[in-house]
Every structure is written in structure tokens, then in C-alpha cells.
Amino acid sequence: MSTHPYLRAYLAGIFVPTLILPLMLTAFIVLRLVLQVPVPIERGLVFPLALVPVVWGLWSVLWLGSHEHTHLNVGVHGAILPFLLLPAGAFIAHASGVVAFGATSVTWFQALQIPYVLIACGFCCGVAAYYLVWKYIVGFVNRVLGIAA
């Protein structure tokens, strides 16, 4: 199967976030409509729901296009992605008024303060999770689609 490798790489990249989107939507519906959480959660969901699958797909295409030159493992390539998503997400969240940056913490929705130390720990766990997901799931889908050895 040697036709359209970049399309297959894109599909392999969007596989995981597309599976997670219904779970995020279910959690949103339960929090906002059932539990009546007064925080405008929908403003914080725009970035992950709309952009993350597209970015994952394009990142997978970039891996396929650059793999011949860089020889990066798909897991390492995937672990680089949070270093791009975090600043982009923080910029969009700050521009839309979802977060405010303080000296020692980030304030979400003008109600919840999270210390930078906790964010750094979460980011490290996120990088590890991205590595594992890209290595085992996206790599598996790439092999199934015939675009990776």
C-alpha cells in the first residue's frame, strides 16, 4: 500500500484524539448541564476539541516527511509535541480570558489557582504520556496502515 502515505499518516495521527473527544464531550455535558458547574467550561474546551486532532494529524505527517532525515523514533517525535501545544494553548487561553498568569500560580476561570510547580509536574507526566501514546498507539496504527516499519 504505497499510495497516499501522507493521508494515511494524518489519519494515524488523528486516531487517538478523535477517540478521546467523545469522552471530553461527555465530561463537559455532565459537569455543565447535570452538575450545574457555574464555570464557563466551554471556553476552555475550544482549543483541545478543535485544534488538537488537527495538530496531531499534521505532526504525524511531519514525522513521516522528516523521518528519513532525522531518524527520530515516533515516540520521541510525539513527546516533542507538548512543547508546542502548551505555549499555544496558554496563549489562546490567556487571549480568551480563560487563564490569568500570576507570580506563583495560574488562575483558571477567575476561580481556581494552580501553582506553577503542579503545572510543571503535570507537564512532565504529559510528555511521558505523549511518548507512550505515540510510541505504542500511533506507531501501531502507522504499522497497520503500512507507513512505518
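A quick note: this is a predicted structure, and the numbers were derived from the prediction, not measured.

**Examining the packing of helix 4 (residues 82–95) against helix 5 (residues 116–144)**
Helix packing for two helices is described by the angle between their axes and how far apart those axes are.
Phase 1 of the analysis: Running from N to C, helix 4 and helix 5 point in directions that differ by 135°, and their axes come no closer than 10 Å. Classified by the interaxial angle, the pair formed by helix 4 and helix 5 is oblique. Two secondary-structure elements touch here, helix 4 through P82, F83, L85 and L86 and helix 5 through F123, G126, V127 and Y130.
Phase 2 of the analysis: Here the residues of the contact of helix 4 with helix 5 are counted per class, giving 7 nonpolar, 1 polar and no charged.

**A closer look at the UniProt feature "transmembrane region" (unreviewed entry) in the protein chain**
Phase 1 of the analysis: Under the feature "transmembrane region" (unreviewed entry), the UniProt entry names residues 9–33, 45–64, 76–102 and 114–133.
Phase 2 of the analysis: In residues 76–102, helix accounts for 70% and strand for 11%; the two terminal C-alpha atoms are 32 Å from one another.

**Some points on the nonpolar core**
Phase 1 of the analysis: Membership of the largest hydrophobic core comes to 14 residues, with the highest contact counts inside it found for W56, L64, L81, L85, Y130, W134 and V138.
Phase 2 of the analysis: Of all elements in the fold, only helix 1 (5–34), helix 2 (42–70) and helix 5 reach the threshold of two or more residues within this core.
Phase 3 of the analysis: Top element by residues in this core is helix 2. It accounts for 5 residues.
Phase 4 of the analysis: Excluding residues that lie within four positions of it along the chain, W134 makes contacts with W56, W59, S60, V74, G75, G78, L81 and G139.
Phase 5 of the analysis: Core analysis: the second largest hydrophobic core is formed by 5 residues, V98, V99, V106 and F109 among them.

**Quick word on the side chain of N142**
Phase 1 of the analysis: Relative to the helices and strands, N142 resides in helix 5.
Phase 2 of the analysis: For N142, a relative accessible area of 0% corresponds to the buried category.
Phase 3 of the analysis: Discounting residues that sit within four places of it in the chain, N142 has contacts with A12, S60, W63, V74, I147 and A148.

**Some details on the pairing of strand 3 (residues 112–115)**
Phase 1 of the analysis: In terms of strand pairing, strand 2 (residues 105–108) meets strand 3 through 4 bridges, oriented antiparallel. Within strand 3, the residue paired with T107 across the bridge is Q113.
Phase 2 of the analysis: Hairpin remark: strand 2 followed by strand 3, antiparallel, with 3 residues in the connecting loop; positive phi at F109, about 55°.

**Overview of the sheet that holds strand 1 (residues 99–101)**
Phase 1 of the analysis: Pairing is antiparallel in the open sheet, where 3 strands are placed in the order 1-2-3. Only two strands of the sheet have a single neighbouring strand rather than two, namely strand 1 and strand 3. When strand polarity is set aside, the average angle formed by the axes of neighbouring strands in this sheet is 25°.
Phase 2 of the analysis: In the packing of helix 5 onto the sheet, the strands contacted are strand 1, strand 2 and strand 3, and the crossing angle to strand 3 comes to about 70°.

**Remarks on unusual backbone geometry**
Phase 1 of the analysis: One non-glycine residue with positive phi stands out, namely H4, at about 55°.
Phase 2 of the analysis: On the secondary structure map, H4 appears in the segment before helix 1.
Phase 3 of the analysis: Despite not being glycine, H71 shows a phi value in the positive range, around 60°.
Phase 4 of the analysis: By the secondary structure assignment, H71 is in the loop between helix 2 and helix 3 (74–80).
Phase 5 of the analysis: Using a relative accessible area of 61% as the deciding quantity, one classes H71 as exposed.

The rules behind each value
Residues numbered from 1 in each chain as written. Predicted model: local features only at pLDDT ≥ 70, side-chain atom pairs only at ≥ 80, totals over all residues. Heavy atoms only, no water. Axes fitted to C-alpha atoms, helices over the stretch in contact; angles between N-to-C directions. Helix = DSSP H or I, 4+ residues; strand = E, 2+ residues; numbered from the N terminus. Parallel < 35°, antiparallel > 145°, perpendicular 65-115°, else oblique. Contact = heavy atoms within 4.5 Å. Nonpolar A, V, L, I, M, F, W, Y, C, P; charged D, E, K, R; others polar. UniProt positions renumbered as here; feature names shortened; annotations may be inferred. Core = buried A, V, L, I, M, F, W, Y, C linked by side-chain atoms within 4.5 Å. Buried < 20%, exposed > 50% of the residue type's maximum accessible area, 1.4 Å probe, protein only. Pairing = 2+ DSSP bridges.

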